[in-house]
Structures are given as C-alpha cells and as structure tokens.
Amino acid sequence: MQVDIARYSKLIFPKDTRHNEEREEKLLQRCPSGHEGTMLIDKPATIVDVYGAIIAWYLPDALTNATQGHEVGSDEMVMLNLLDPEVSASLKGPSSEKILKSIARPAAIASAALRVMHPEQYWAGL
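Summarised in this report is the structure supplied together with it. None of the values given here were measured: they were computed from a predicted structure.

## Concerning helix α2 (residues 21–30)
By the burial criterion, the buried members of α2 are Arg23, Glu24 and Leu27. Viewed end-on, α2 has its buried residues packed into an arc of 100 degrees, placing them on one side of the element. What points out from α2, more than 90 degrees from its buried face, is the exposed set Glu21, Glu22 and Gln29.

Structure representation (structure tokens):
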C-alpha cells in the first residue's frame with residue numbers, strides 16, 4: 001500500500017472508530033491510500049506499507065465461521081489473575097472440559113500465527 005503506516009498511526013487516536021466522517025476525510029487527505037476505490041484480495045497476502053513495514057497478513061479461510069462464531073458463555077469465562085496465579089474456578093468446575101476444548105483450536109491458530117509473525121516471541125514462550 002502506498003501509505004506510511006508509522007506516520008498514519010501517529011495521526012489516529014485509540015478511540016477512532018470510523019464513525020466520524022469528517023475525521024476520516026482529514027486522515028485520508030493527510031495519508032492518501034495511493035489508489036482509488038476498493039482493492040479486493042482473494043488469496044493469502046502480506047500487506048506492507050511504502051517502507052515494507054507489515055501492516056497485516058491476510059489468510060482467507062484460516063478462521064472459519066464456526067471458529068469465529070463460537071463464544072464461551074459469560075458464566076464459563078476463564079478469568080486471569082496475574083498477581084495471584086492459580087487455576088480459575090471456571091476450570092475446576094463441570095464446564096472445564098468444554099471450555100478447554102472450545103479454546104484449543106483458536107489457541108493453536110494464534111500460536112501458529114505468532115510463530116510466523118514473531119518467531120523470537122514464539123520461541124521465548126515455549
């Protein structure tokens with residue numbers, strides 16, 4: 001893409017939600033996309049800015065609708081307490097097997113993506 005992602009990221013705010021048309025127009029004037037219209041990508045791709053910085057990896061069908069649509073019920077949420085780590089009460093209960101099975105595939109996908117995107121961090125976590 002013909003955009004400097006570092007410059008663009010300095011111009012946006014964490015709460016920019018694309019709901020402010022005037023703000024979007026100003027951002028596009030300051031950081032034009034470099035092309036007109038919509039670009040359609042239908043095969044795996046690495047999207048980079050003008051300096052080669054990776055903006056995104058596009059992997060069609062890597063996350064199926066079933067994977068994306070699965071939600072663990074609020075009563076089954078796994079809570080993390082980083083100050084006093086121990087097994088969550090949710091994982092000690094009757095739903096523990098269901099919770100672990102529901103997060104296994106998304107966790108494997110995230111792990112594989114991390115290995116490709118940031119190998120040093122992946123290996124540091126093993």
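## Points about the pairing of strand β1 (residues 45–48)
Of the pairings in the sheet, the one linking β1 to strand β2 (residues 54–58) comprises four bridges and is antiparallel in character. Among the inter-strand pairings, Ile47 is bridged to a residue of β2, identified as Ala56. Turn length for the β1-β2 hairpin, with the two strands adjacent in sequence and antiparallel, is five residues, and the turn residue Gly52 shows positive phi of about 90 degrees.

Basis of the calculations
Residues numbered from 1 in each chain as written. Predicted model: local features only at pLDDT ≥ 70, side-chain atom pairs only at ≥ 80, totals over all residues. Heavy atoms only, no water. Buried < 20%, exposed > 50% of the residue type's maximum accessible area, 1.4 Å probe, protein only. Helix = DSSP H or I, 4+ residues; strand = E, 2+ residues; numbered from the N terminus. Arc of directions from axis to C-beta. Pairing = 2+ DSSP bridges.

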